[in-house]
Amino acid sequence: MTALILLFACLLLGLLVQRHARPPAGTVQGINWWVINIALPALVLQLVPKVQVNAQLWFPVAAMWITFFGAWALFAALGRGLGWSRGRVGALTLVCGLGNTSFMGYPMMQALHGSEGLTLAVVADQLGCFPLLASAGVVVANLYAGGSTDAGAIARRILTFPAFLALVLGGIVGALGGWPPVADGVLGAVGNTLTPLALFSVGLQFKFRLGERQAAPLALGLAWKLALAPLISLAVGVAAGVGGLVLMVGVLQAAMAPMISAAILADEHGLEPSLANTVLGAGIVLSLATVPLANLLLGG
């Protein structure tokens, strides 16, 4: 309960500061830099050596792929049938195919399932969602914006991302027996800054401005991201014999709110930015209710 209250409090504080205070210029960029380059790698370095490797760990990663490529197939088909612009199809594919599996996923999984759930959330994010953002997400953004893709640049982006490097190093440390207690404690303390700062940053960036004729794509996008994608992931997991906490975390990460970075990517490529930001804002608010509800329905 304390962890859930912290999650809501930090998000609300960010919203209040955005509305009623005047934070210094660059506050969001500075917070995000710390979260992405310091806190997240520290958390990955602490948690990955503790991952219990088993035959079911493929599922949280596969759930991220189901969510993204299912979104692409669905919105491409809807776009043809409803006469949507390429920008709209690209925007919905990005923001409804990529989940906020780190900034919101980590705090929520830690609140709902403790350190073991957080460890599995890291697997889903670092092996599933982030590589998708850096590869297929960039391809979609360029494809629907009429640009070109650079395979070399995509590969460099993945291989030089701090959390990915931490993932590789953490795997090596885990194979060698793990960190000494002092190092584990330091990494944990730095990594613990991720939850309050990430949710505060989400609050600072929250936007909701529904444009003309955007109600239907908003509803369809959120229906996929918050309901259909996790249901399909659940069906695949159950059919494959996956169970327990691995199944639960994989499904909940598939049900997470849209990714902030995906909305930024849509903005940068001119893919109906107003719709992308509206889906992002509405998804964040709704997921605060739908993810805990899904957790209860799954027996959490």
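Not measured: the values here are computed from a predicted model. (Residues numbered from 1 in each chain as written. Predicted model: local features only at pLDDT ≥ 70, side-chain atom pairs only at ≥ 80, totals over all residues. Heavy atoms only, no water.)

(A) Region of the structure containing the overall build of the protein. Secondary structure summary: the protein contains 13 helices and 0 strands in total. Over its C-alpha trace the protein gives a radius of gyration of 18 Å, about what one expects of a compact globule, namely 19 Å for 300 residues. As presented, the protein carries roughly 12900 Å² of accessible surface, and 69% of it is formed by carbon and sulfur atoms. Charged side chains in the protein number 12 positive and 8 negative. The centres of these two groups are separated by 7 Å. (Helix = DSSP H or I, 4+ residues; strand = E, 2+ residues; numbered from the N terminus. Rg over C-alpha atoms; globule rule 2.2 N^0.38 Å. Areas by Shrake-Rupley, 256 points an atom, 1.4 Å probe, with all protein chains shown as cover. Lys, Arg positive; Asp, Glu negative; His and termini not counted. Charge placed at Lys NZ, Arg CZ, Asp CG, Glu CD.)

(B) Just the packing of aromatic side chains, in detail. Applying the stated rule across the entire model yields 5 aromatic pairs. Note on F68 and F69: the rings are 5.2 Å apart at their centroids and 85° apart in plane angle, and the pair reads as edge-to-face. With a centroid separation of 6.2 Å and 70° between ring planes, the pair formed by F68 and W72 is classed as edge-to-face. Of this pair, F68 and W72 both sit in helix α3 (residues 58-82), 4 residues apart, which is roughly one turn of that helix. Assessed through its relative accessible area of 0%, F68 is described here as buried. What links up through ring pairs into an aromatic cluster is the set W65, F68, F69 and W72. (Phe/Tyr/Trp six-rings, centres within 6.5 Å; stacked < 30°, edge-to-face > 60°. Buried < 20%, exposed > 50% of the residue type's maximum accessible area, 1.4 Å probe, protein only.)

(C) Main features of the nonpolar core. Of all hydrophobic cores here, the largest spans 96 residues; its most connected members are L94, L98 and M104. It is helix α5 (residues 105-145) that provides the largest number of residues to this core, a total of 18 residues. In contact with L98, not counting residues within four places along its chain, are F68, T93, C129, L132, L133, K225, A257, P258, M259 and A262. (Core = buried A, V, L, I, M, F, W, Y, C linked by side-chain atoms within 4.5 Å. Contact = heavy atoms within 4.5 Å.)

(D) Focus on the pattern of salt bridges. On inspection of all chains with the given rule, the structure shows 1 salt bridge. Notably, a salt bridge pairs R88 with E272, separated by 2.8 Å at the nearest N-O pair. In this pair, R88 is assigned in helix α4 (residues 86-97) and E272 in the loop between α12 (260-268) and α13 (273-297), connecting sequence segments 184 residues apart. Overall, the relative accessible area of 13% leaves R88 in the buried class. (Salt bridge = Lys/Arg side-chain N within 4 Å of Asp/Glu carboxyl O.)

(E) Fine view of α12. Among the residues of α12, those classed as buried are I260, A262, A263, L265 and A266. Looking at the buried residues of α12, the elements they touch are α4, α5, α9 (194-205) and α13. The positive-phi residue at the C-terminal boundary of α12 is G270, with phi of around 70°.

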